[in-house]
Amino acid sequence: MPLLDAISAAISVKSDNALAKALGITQGAMSKIRNKHKPISAEVLLRMHDISGLSIRHMRTLMGDDRRLF
């Protein structure tokens, strides 16, 4: 998933386990998100933004959402 890869690169972690710890979620939840079996919650998206510094717009693009306005 491009978003998870970008967040991992931004915070210099090499594994989903390390990313899960940084986000405060379980490895199981990370695996489900990675495999698109669980949506990314708003809370986790905000944590991703906080720890990575990536803009919300860029994160939306990485998730495939290219709408300009809601």
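Note that the structure is predicted; figures quoted are calculated from it, not measured.

### Here's the deal with the overall build of the protein chain
Alright, step 1. Scanning the protein chain for helices and strands turns up 5 helices and 0 strands.
Alright, step 2. A principal-axis box enclosing the C-alpha atoms of the protein chain has dimensions of 35 × 25 × 20 Å.
Alright, step 3. Across the 70 residues in the protein chain, those meeting the buried criterion constitute 27%.
Alright, step 4. Contacts in the protein chain between residues far apart in sequence, at least 24 positions, make up 44% of those at least 6 positions apart.
Alright, step 5. Counting every atom, the protein chain has about 4,600 Å² of accessible surface; 56% of that belongs to carbon and sulfur.
Alright, step 6. Positive and negative side-chain charges in the protein chain, numbering 11 and 6 respectively, have mean positions lying 2 Å apart.

### Points about the environment of glycine 28
Alright, step 1. Mapped onto the secondary structure, glycine 28 falls in helix α3 (residues 27-34).
Alright, step 2. In this structure, the C-alpha to C-alpha distance between glycine 28 and serine 12, residues 16 residues apart in sequence, is 21 Å.

### Here we look at the confidence of the model for the protein chain
Alright, step 1. Overall, the prediction assigns the protein chain a mean pLDDT of 94, with 97% of residues at 70 or greater.
Alright, step 2. Of all secondary-structure elements in the protein chain, the lowest mean pLDDT belongs to helix α5 (residues 56-62), at 92, while helix α2 (residues 16-23) reaches the highest, 98.

About the thresholds
- Residues numbered from 1 in each chain as written.
- Predicted model: local features only at pLDDT ≥ 70, side-chain atom pairs only at ≥ 80, totals over all residues.
- Heavy atoms only, no water.
- Helix = DSSP H or I, 4+ residues; strand = E, 2+ residues; numbered from the N terminus.
- Buried < 20%, exposed > 50% of the residue type's maximum accessible area, 1.4 Å probe, protein only.
- Contact = heavy atoms within 4.5 Å.
- Areas by Shrake-Rupley, 256 points an atom, 1.4 Å probe, with all protein chains shown as cover.
- Lys, Arg positive; Asp, Glu negative; His and termini not counted.
- Charge placed at Lys NZ, Arg CZ, Asp CG, Glu CD.
- pLDDT = per-residue confidence, 0-100.

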